[in-house]
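Structure at a glance
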Amino acid sequence: MFWKRKPNDFNLFTYESDTRRETYRFHPPEDEAATFILGEREYVIIDIGSGGLSFKSTDFAEGAGGPITLKLPGHYNGITAVLEIRGVCKSNICHCAFIEIADDDVEKIHLYLLKKQKEFARSRN
């Protein structure tokens with residue numbers, strides 16, 4: 001991905017918290033919410049990257065998780081993975097890693113991120 005960050009681009013493509021992942025992350029806008037299903041409940045994704053995601057919840061502790069189904073806007077619905085919560089910060093943000101995910105599904109996440117980067121870059125011009 002060949003995208004240069006401008007000083008005011010920070011809020012769209014990252015999320016401030018106590019725990020930082022090493023992969024690129026995207027913060028989906030509220031009008032294009034990305035969600036996932038864990039158990040019987042659907043959660044809104046705060047940020048997502050190819051290595052994991054974060055979401056807000058008081059229902060989980062570090063080490064929890066399980067199989068999920070991602071619903072990303074566009075043609076990226078039905079991505080399945082196994083999620084593990086690696087940490088929960090004081091503001092109840094659960095920071096998670098995909099511990100099982102197919103290579104094809106990782107590629108779908110990459111394509112989603114690239115599409116969003118392009119849309120954002122076009123809107124800035």
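Our structure is the block above this text.
Overview of the structure. None of these values were measured; they are calculated from a predicted model.

It is worth spelling out the nonpolar core at this point. Ranked by internal contacts, the top residues of the largest apolar core, which has 23 residues, are F36, L53, F55, I68, L70 and L72. Mapped by element, the contributors of at least two residues to this core are β1 (35–38), β2 (41–49), β3 (52–56), β4 (65–72), β5 (76–88), β6 (93–101) and α1 (103–124). Element by element, the count of residues in this core is highest for β5, at 5 residues. F55 has contacts with F36, Y43, V44, I46, F60, L83, I85, N92, I93, C94 and C96, leaving out every residue within four places of it along the chain.

With that settled, the discussion passes to the pattern of salt bridges. Tallying each qualifying case throughout the model produces 7 salt bridges. K71 serves as the salt-bridge partner of E42, at 3.5 Å between the closest nitrogen and oxygen. Pair noted here: E42 is in strand β2 and K71 is in strand β4, with a separation of 29 residues, a long-range link. Relative accessible area serves as the criterion here: at 42%, E42 is assigned to the partly exposed category. Assessed through its relative accessible area of 33%, K71 is described here as partly exposed.

Throughout the structure, instances matching the rule amount to 6 aromatic pairs. Seen in terms of ring centroids, F26 and Y112 are 5.9 Å apart; in terms of plane orientation they differ by 80°. Their pairing is edge-to-face. Of the two residues, F26 sits in the segment before β1 while Y112 sits in helix α1, which places them 86 residues apart along the sequence. Take F26 and Y112: they sit in the same class, and that class is buried. Between Y43 and F55, the aromatic rings sit 5.0 Å apart at their centres with planes inclined by 55°, giving tilted as the arrangement. Of this pair, Y43 sits in strand β2 while F55 is found in strand β3, placing the two residues 12 residues apart along the sequence. In terms of burial, Y43 and F55 fall into one category: buried. An aromatic cluster is built from F36, Y43, F55 and F60, whose rings are joined through pairwise contacts.

Ordered in space as β1-β2-β3-β6-β5-β4, the 6 strands form a closed barrel in which the pairing is antiparallel. Between one strand and the next, the sheet's axes are offset by a mean angle of 45°, whatever the strand orientation. For β1 and β2, the ladder comprises 4 bridges, and the chain directions are antiparallel. In the strand pairing of β2, I37 is matched with E42. Where α1 meets the sheet, its contacts fall on β2, β4, β5 and β6, and the angle it forms with β5 comes to roughly 90°.

How each quantity is defined
Residues numbered from 1 in each chain as written. Predicted model: local features only at pLDDT ≥ 70, side-chain atom pairs only at ≥ 80, totals over all residues. Heavy atoms only, no water. Core = buried A, V, L, I, M, F, W, Y, C linked by side-chain atoms within 4.5 Å. Buried < 20%, exposed > 50% of the residue type's maximum accessible area, 1.4 Å probe, protein only. Helix = DSSP H or I, 4+ residues; strand = E, 2+ residues; numbered from the N terminus. Contact = heavy atoms within 4.5 Å. Salt bridge = Lys/Arg side-chain N within 4 Å of Asp/Glu carboxyl O. Phe/Tyr/Trp six-rings, centres within 6.5 Å; stacked < 30°, edge-to-face > 60°. Pairing = 2+ DSSP bridges. Axes fitted to C-alpha atoms, helices over the stretch in contact; angles between N-to-C directions.

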